[in-house]
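Inside the fold
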Amino acid sequence: MILCCGEALIDMLPRETVAGEAAFAPYPGGAVFNTAVALGRLGVEAGFFSGISTDLFGEMLVQALAASKVDAGLALRSGRPTTLAFVTLVAGQARYAFYDEATAGRMLSPADLPVLPEAVRALFFGGISLVGAPCGAAYEALMAREAGRRMCMIDPNIRPGFITDEAAYRGRIGRMTGMADIVKLSDEDLRWLVGPGTIEAAARALLAQGAKLVFVTEGASGAHAFWADGAAFEPARKVAVVDTVGAGDTFNAGVLAAFARAGALGKADVAAAGEDLVRAALRLGVQAAAVTVSRAGANPPWAEELA
């Protein structure tokens, strides 16, 4: 099992009523939630760990996970409210306004961490859950506890407007990327985190800090992979883009699914991954993300859609 650790929330997506009025419709989402759903749909055994409310939105989240064959048994349920993210689209790009104070996900603490069953082979972390307190500390503590024996992947999915303490956030992301076996960022995230320069130079700076593989997505251009003695690139598929909600999250699932299908989810497997496996991961990530951007919201493909 791949355990996805991070936020689950409700995306309030812009819609229009039959009377022509602006409105928002609720859809289950969150970066890490989306990756878990995409993994389940791609036929990979997946689990989800977060704080999830018992309110009506929390029930929507649990039902959506189950519908995509994701095990939410490790999630911590509470009566706190669900995080809401109101989404607006600017030239097809998603912009977010988060309502996250005192929510079930935000208030997850290091004391709430579960004992993981042996079935958990790998862990995935990321999203806005790494920003807030106390949940950010909880996920960092979970990675620190498990990284020595289980493969870990992180996608910070950086939202600068959501960050209130940049120094603390940069410190956490630096520590977690240093512990991770696989790091994935968008080109924008990479420059925010590492600074100006070429994509390859910035990615290799992350490799020098401990990662074995670094994936970098460039939107409509495609995606890169870098490892100790190599690099690869996969161009994006040409599709009619509806919106980009969940694209990077689906890419992450494609990468992890490729490693799972190859029976290569162990730390040693990732460290020894050859070019063929890395290229397969790039292809599946790009292929799956292309389906997601071709339809509204975070709606990852099922395995049969990629056949």
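Everything numeric in this text was worked out from a predicted model, so none of it was measured.

1. Describing the pattern of salt bridges
With the rule as written, the count across this model stands at 17 salt bridges. For arginine 150, the salt bridge identified is with glutamate 146, shortest N-O distance 2.4 Å. In this structure, arginine 150 and glutamate 146 share a single accessibility class: buried. Here glutamate 275 makes a salt bridge to arginine 279, at a shortest N to O gap of 2.7 Å. With a gap of four residues between them, glutamate 275 and arginine 279 both fall in helix 9 (residues 275-293), about one helical turn apart. Judged by relative accessible area, arginine 279 falls into the partly exposed class, the value being 29%. Put simply, Glu118, Arg145, Glu146, Arg149 and Arg150 are held in one network by salt bridges that share partners.

2. Quick notes on the packing of helix 1 (residues 31-41) against helix 7 (residues 247-261)
Packed helices, taken two at a time, are described by the angle between their axes plus the distance between the axes. Running from N to C, helix 1 and helix 7 cross one another at 45 degrees; their axes reach a closest spacing of 8 Å. With respect to each other, helix 1 and helix 7 are oriented oblique. The hand of the helix 1/helix 7 crossing is right-handed. Between helix 1, through Ala31, Asn34, Thr35, Ala38 and Leu39, and helix 7, the contact on the second element is made entirely by Asp249, Thr250, Asn252, Ala253, Leu256 and Ala257. Broken down by class, the residue content of the contact of helix 1 with helix 7 amounts to six nonpolar, four polar and one charged.

3. Details of the nonpolar core
Grouped together as the largest cluster of nonpolar side chains are 54 residues, with contacts concentrated most on Leu39, Phe48, Phe215 and Phe259. Apart from residues lying up to four places away in sequence, phenylalanine 259 is in contact with Ile182, Leu213, Ala264, Leu265, Val270, Ala273, Leu277 and Ala281. If you look at the next biggest cluster of nonpolar residues, it comprises 43 residues, including Met1, Cys5, Ala85 and Met176.

4. Some words on the environment of serine 78
For serine 78, the position within the fold is in strand 7 (residues 76-78). Note on serine 78: relative accessible area 22%, which makes it partly exposed. Residues serine 78 and asparagine 34, 44 residues apart in the sequence, show an inter-C-alpha distance of 21 Å. Leave out the neighbours within four places in its chain, and serine 78 touches Ile52, Ser53, Thr54 and Ala104. Within the structure, the side chain of serine 78 is placed 3.3 Å from the backbone nitrogen of arginine 80, a separation counted as a polar contact.

5. Examining the packing of aromatic side chains
Under the defined criterion, the tally for this structure stands at seven aromatic pairs. Both rings, one in phenylalanine 98 and one in phenylalanine 162, keep their centres 4.7 Å apart while their planes meet at 65 degrees; by these two values the pair is edge-to-face. Here phenylalanine 98 is found in strand 9 (residues 93-99), whereas its partner phenylalanine 162 is found in the loop between strand 11 (151-155) and helix 4 (166-179), with 64 residues between them in sequence. Residue class for phenylalanine 162 comes out buried when judged on its relative accessible area of 15%. Three or more aromatic residues joined by ring pairs form one cluster here, namely Phe24, Phe86 and Tyr99. Between arginine 170 and the ring centre of tryptophan 192, over which it is positioned, the NZ or CZ distance is 3.8 Å.

6. Here's the deal with the sheet that holds strand 12 (residues 182-186)
A sheet is described by the order of its strands in space; here nine strands give the open sequence 6-4-1-10-11-12-13-14-15, paired in mixed fashion. Either end of the sheet is taken by a strand with one partner, and the two such strands are strand 6 (70-71) and strand 15 (230-235). Bridging between strand 1 (residues 2-5) and strand 4 (residues 46-49) involves four bridges; their strand directions are parallel. Residue leucine 3 lies in a different strand from strand 4, and its bridge partner there is glycine 47. Those strands touched by helix 1 are strand 1, strand 4, strand 6 and strand 10 (122-126), and its axis lies near 160 degrees from that of strand 4. Contacting strand 1, strand 4, strand 10 and strand 11, helix 3 (residues 135-146) runs over the sheet at an angle of about 150 degrees to strand 10.

7. Structural notes on empty space enclosed by the protein
In total, this model carries two cavities of 30 Å³ or more according to the counting rule given. As a volume, the largest cavity reaches approximately 80 Å³. As for the largest cavity, its lining consists of Glu7, Ala8, Ser50, Thr83, Asp100, Gly105, Arg106, Ile128, Ser129, Cys135 and Tyr139. Residues that form the lining of the largest cavity fall into these classes: four nonpolar, four polar and three charged. Here the second largest cavity is characterised by a volume of approximately 30 Å³. Taken together, Ala8, Gly51, Ile52, Ser53, Leu61, Pro81, Thr82, Thr83, Ala104 and Gly105 form the lining of the second largest cavity. When residues in the lining of the second largest cavity are grouped by element, the largest group, three residues, is from strand 5 (residues 51-53).

Rules of the game
- Residues numbered from 1 in each chain as written.
- Predicted model: local features only at pLDDT ≥ 70, side-chain atom pairs only at ≥ 80, totals over all residues.
- Heavy atoms only, no water.
- Salt bridge = Lys/Arg side-chain N within 4 Å of Asp/Glu carboxyl O.
- Buried < 20%, exposed > 50% of the residue type's maximum accessible area, 1.4 Å probe, protein only.
- Helix = DSSP H or I, 4+ residues; strand = E, 2+ residues; numbered from the N terminus.
- Axes fitted to C-alpha atoms, helices over the stretch in contact; angles between N-to-C directions.
- Parallel < 35°, antiparallel > 145°, perpendicular 65-115°, else oblique.
- Left-handed = near helix turned anticlockwise from the far one by under 90°.
- Contact = heavy atoms within 4.5 Å.
- Nonpolar A, V, L, I, M, F, W, Y, C, P; charged D, E, K, R; others polar.
- Core = buried A, V, L, I, M, F, W, Y, C linked by side-chain atoms within 4.5 Å.
- Polar contact = N/O pair within 3.5 Å; in protein donor to acceptor, adjacent residues only side chain to side chain.
- Phe/Tyr/Trp six-rings, centres within 6.5 Å; stacked < 30°, edge-to-face > 60°.
- Lys NZ or Arg CZ within 6 Å of the ring centre and 35° of its normal.
- Pairing = 2+ DSSP bridges.
- 1 Å grid on protein atoms, 1.4 Å probe; cavity = no way out; pocket = protein on both sides within 12 Å on 5 of 7 lines; lining within 4 Å.
- Points joined across faces, edges and corners; volume = space filled by probe spheres on them.

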